[in-house]
Amino acid sequence: MSRIDDQSERKKDWNADVSSLLKNIYRCADKTTWYDSVASAYDRTRPRYPQEILARMQEIAKLEPRKSVLEIGAGPGIVTIELAKLGAEMVSLEPSQAAWAIARAKCADYPNVEVINTTFEDWNLANKKFDVVVAATSFHWITPEARYIKTSTALKDNGLLVLLWNTPPQPSWEMYQDLQDIYQTHAPELDKYEGHQEHQENIGKMAQGVIDSGYFQNQTSDRLVVTVHYTVEDYLTLLSTLSPYIGLRSAQRESLFSELQQRFEQLLGERQELDLSYLSLLQTVRKS
């Protein structure tokens, strides 16, 4: 086998490994440690859910002190703190100890919130029933065996499942074209640009799977495209919190980020700020 053929085969193997990781993240990654090293960076650079989306969620869910809420996958409490302010009695689950510690600290002044360091799958539901279950960019982490059955079991009759999603902030297609050669060199498995429409279609498939399970009905969906501005440093830090980048070898990731930083400096000049956009979605379904 020639050197070129060998490199091609290794690239295919690497692509297959990453593709398998992303499609089966709930099996390939240890949820208790996956985000530990980037928990603070995650909290600092991941985009927030826009007020329009949160207001629409509240319009549908009508959360108030007499309501009960289960949050699956709190992360560092980005949505947890927003839910806490609404006053509902809340149990929030987060498997990463580092992220759990951040979420718990954020909610320290809210006695209505209990943040527990565990996975949804391992958590003992017992006879608890909730008015609302919320998963913010986390529903894909739940194993298929628990994703529908246990979620449905956790809800009261006619209870509401709320799925919130923020896609990663991304540059324009034109900017991406200027970066493509770097990705081809250092991380060809990540050399794919997904526009907002493609993201929406993929997330839509997740909601359709919920309906197809037979445990839920009456789907609603709202979306909003949000424009944000990141410094180059913050954008690269943001990338470091995304699973495809966490899955890279350390040396590979460092080389990729080093060349991306140099290219951004060339493209942006003195401005050194990126114009990015992301898609924020709200999906709700009722327990059948």
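The paragraphs below set out a description of the structure included in this document. (Residues numbered from 1 in each chain as written. Predicted model: local features only at pLDDT ≥ 70, side-chain atom pairs only at ≥ 80, totals over all residues. Heavy atoms only, no water.)

### Description of the overall build of the chain
Then, in step 1: Per the secondary structure count, the chain includes 13 helices and seven strands.
Then, in step 2: Across the 288 residues in the chain, those meeting the buried criterion constitute 52%.
Then, in step 3: Of all intrachain contacts in the chain linking residues separated by at least 6 positions in sequence, the fraction that spans at least 24 positions is 77%. (Helix = DSSP H or I, 4+ residues; strand = E, 2+ residues; numbered from the N terminus. Buried < 20%, exposed > 50% of the residue type's maximum accessible area, 1.4 Å probe, protein only. Contact = heavy atoms within 4.5 Å.)

### Description of the nonpolar core
Then, in step 1: With 33 residues, the main nonpolar core has Met-57, Leu-63, Val-132, Val-162 and Leu-164 as its most contacted residues.
Then, in step 2: Only α4 (51–61), α5 (80–84), α6 (97–106), β3 (113–116), β4 (130–136) and β5 (155–166) provide two or more residues apiece to this core.
Then, in step 3: A per-element tally of this core places α4 first, with five residues. (Core = buried A, V, L, I, M, F, W, Y, C linked by side-chain atoms within 4.5 Å.)

### Looking at helix α13 (residues 250–268)
Then, in step 1: Its 19 residues place the ends of α13 26 Å apart at the C-alpha level, agreeing with the 27 Å of an ideal helix rising 1.5 Å per residue.
Then, in step 2: Among all positions in α13, only Gln-252, Arg-253, Leu-256, Phe-257, Leu-260, Phe-264 and Leu-268 are buried. Seen from one end, α13 has its buried residues packed into an arc of 120°, which puts them on one side. Exposed residues pointing more than 90 degrees away from the buried face of α13 are listed as Ala-251, Glu-254 and Gln-266. (Expected span 1.5 Å × (residues − 1). Arc of directions from axis to C-beta.)

### Some details on the sheet that holds strand β2 (residues 89–93)
Then, in step 1: Strand order in the open sheet made by the seven strands is β3-β2-β1-β4-β5-β7-β6, with mixed pairing throughout. The sheet terminates laterally at β3 and β6 (216–231), the two strands that pair on one side only. When the angles between neighbouring strand axes are averaged without regard to direction, this sheet yields 15°.
Then, in step 2: Inspection of the sheet shows strand β1 (residues 68–72) paired to β2 by five bridges, in the parallel sense. Across the sheet, residue Ile-72 finds its bridge partner in β2, namely Leu-93. (Pairing = 2+ DSSP bridges. Axes fitted to C-alpha atoms, helices over the stretch in contact; angles between N-to-C directions.)

### Here we look at the side chain of Arg-46
Then, in step 1: Considering the arrangement of structural elements, one finds Arg-46 in the loop between α3 (39–45) and α4.
Then, in step 2: If we ignore the near neighbours within four places in the chain, the residues touching Arg-46 are Tyr-35, Ala-41, Ile-78, Tyr-230, Leu-238, Thr-241 and Leu-242.

### Observations regarding the environment of Asp-43
Then, in step 1: Among the secondary structure elements, Asp-43 is positioned in helix α3.
Then, in step 2: Its relative accessible area of 16% is what places Asp-43 among the buried residues.
Then, in step 3: Separated by 59 residues in the primary sequence, Asp-43 and Ile-102 place their C-alpha atoms 8.4 Å from one another.
Then, in step 4: In contact with Asp-43, not counting residues within four places along its chain, are Arg-48, Pro-76, Ile-78, Ile-102 and Lys-106.

### Details of the pattern of salt bridges
Then, in step 1: All chains considered together, the criterion is met by 14 salt bridges.
Then, in step 2: Among the salt bridges present, the one from Lys-31 reaches Glu-121, with a minimum N-O distance of 2.7 Å. Of this pair, Lys-31 sits in the loop between α2 (25–28) and α3 while Glu-121 sits in the loop between β3 and β4, and the two are 90 residues apart along the sequence.
Then, in step 3: What makes Lys-31 buried here is its relative accessible area of 15%.
Then, in step 4: Looking at Glu-121, the relative accessible area reads 23%, which means it is partly exposed.
Then, in step 5: Salt-bridge contacts for Lys-156 lead to Asp-131; the nearest nitrogen and oxygen are separated by 3.4 Å. (Salt bridge = Lys/Arg side-chain N within 4 Å of Asp/Glu carboxyl O.)

### Topic: the environment of Ala-251
Then, in step 1: Structurally, the position occupied by Ala-251 is in helix α13.
Then, in step 2: Along the backbone, Ala-251 and His-186 are 65 residues apart, and their C-alpha atoms lie at a distance of 9.9 Å.

### Overview of unusual backbone geometry
Then, in step 1: Phi is positive for Lys-62, which is not a glycine, with a value near 50°.
Then, in step 2: With respect to the helices and strands, Lys-62 occurs in the loop between α4 and β1.
Then, in step 3: Judged by its relative accessible area of 52%, Lys-62 is exposed.
Then, in step 4: Positive phi, close to 60°, is recorded for Asn-218, a residue that is not glycine.
Then, in step 5: Here Asn-218 is to be found in strand β6.
Then, in step 6: Under the relative-accessibility criterion, Asn-218 is labelled exposed at 51%.

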